[in-house]
Amino acid sequence: MPGRAQIAANLARVRERIEAAGGDADALEIVAVTKGQPAEAAQAAVELGLTRLGENRVQEAVGKMAQVQGASWHLVGHLQTNKVRHASSFELIHSLDSSRLARALAGRHEPPVLLEVNVSRDPAKHGVAPEGALQLAREVDGLLDLRGLMAMGPAEGDPRPAFAELRRLREDLQQRLGRPLPILSMGMSDDLEAAVSEGSTMLRLGRALFGDRTL
Ligand SMILES: *Cc1c(COP(=O)(O)O)cnc(C)c1O
């Protein structure tokens, strides 16, 4: 399990990578993705100032919430409609990708959401197709507090075109909805440079901070 000193050293390295890619390490928000990591590692991250913690499974998140003090939790993974009752435990849901889920969430003290867009057009991935994003954004906008967009980079190849597409899609949606969508959640441990240079505002980092997952 990574100790506090190890996580601190990893965070320093992440900040160097952000700056080297032309980003501002103080302005970029980091979600420390604690999936596969024990609660002690999550707590150490919080004590280093990484107070936004991300999980991709509701069950694992809810278990750690009881053990970690001082964190706010982000759901970065897919939310099944039968788990929406847990939504209010999160500060932000990154993975809204259907109007069915939006309707299931609405009216439950639900947190703000990001639309997950499948910009890598990978059929194995979640996310609304880029072509369907405008319609879904319009539907969601009346129901939930829509704050921005999220995407995963492609499994292989240059991630830059996918991240550039998400950035352009956000500009387009801002114009059409007539209001700002401040959050662009893109960039993970292996592709953060490309995401930063394409305008990410929020990185979701697991292994770069904690090393390999152990749970
Ligand atoms: C696991 C995960 C991350 C973090 O991945 P790393 O490669 O460990 O940085 C980010 N976003 C989502 C949606 C994830 O599931």
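Above this note sits the structure.
Residues numbered from 1 in each chain as written. Predicted model: local features only at pLDDT ≥ 70, side-chain atom pairs only at ≥ 80, totals over all residues. Heavy atoms only, no water.

(A) Examining the site of the ligand more closely. Lining the immediate environment of the ligand, one finds Val33, Lys35, Asn56, Val76, Met152, Met188, Ser189, Arg204, Leu205, Gly206, Arg207 and Arg213. A distance of 2.7 Å separates an oxygen atom of the ligand from a polar side-chain atom of Lys35. Summarising the interface, the protein chains cover 95% of the accessible area of the ligand, which totals 390 Å² for the free molecule. Judged by the fraction of its atoms near the pocket grid, the ligand is located in the largest pocket. Looking at the shell around the ligand residue by residue, the class counts come to five nonpolar, three polar and four charged. (Near = heavy atom within 4 Å. Polar contact = N/O pair within 3.5 Å; in protein donor to acceptor, adjacent residues only side chain to side chain. Areas by Shrake-Rupley, 256 points an atom, 1.4 Å probe, with all protein chains shown as cover. 1 Å grid on protein atoms, 1.4 Å probe; cavity = no way out; pocket = protein on both sides within 12 Å on 5 of 7 lines; lining within 4 Å. Sits in = over half its atoms within 2 Å of the grid points. Nonpolar A, V, L, I, M, F, W, Y, C, P; charged D, E, K, R; others polar.)

(B) Inspection of the side chain of Asn118 at higher detail. Tracing the sequence through the fold places Asn118 in the loop between β5 (113-116) and α5 (133-141). A polar side-chain atom of Asn118 sits 2.8 Å from the main-chain carbonyl oxygen of Asp122. Here Asn118 is in contact with Lys125, His126, Gly127, Val128 and Pro130, once residues within four sequence places are set aside. (Helix = DSSP H or I, 4+ residues; strand = E, 2+ residues; numbered from the N terminus. Contact = heavy atoms within 4.5 Å.)

(C) Representation of the environment of Lys35 within the structure. Following the sequence through the fold, Lys35 ends up in the loop between β1 (29-33) and α2 (39-47). In this structure the C-alpha to C-alpha distance between Lys35 and Met202, which are 167 residues apart in sequence, comes to 17 Å. Apart from the residues lying within four places of it in its own chain, the contact partners of Lys35 are Gly54, Glu55, Asn56, Glu60, Lys64 and Arg213.

(D) Representation of the layout of surface pockets within the structure. In this structure, the largest pocket encloses a volume near 330 Å³. If you go around the largest pocket, you meet 18 residues; those closest to its centre are Lys35, Asn56, Val76, Met152 and Met188. (Points joined across faces, edges and corners; volume = space filled by probe spheres on them.)

(E) Molecular detail of the side chain of Arg17. With respect to the helices and strands, the residue Arg17 is situated in helix α1 (residues 4-20). A relative accessible area of 17% means that Arg17 is categorised as buried. Not counting chain neighbours up to four residues away, the residues in contact with Arg17 comprise Ser189, Asp190, Leu192, Glu193 and Ala208. (Buried < 20%, exposed > 50% of the residue type's maximum accessible area, 1.4 Å probe, protein only.)

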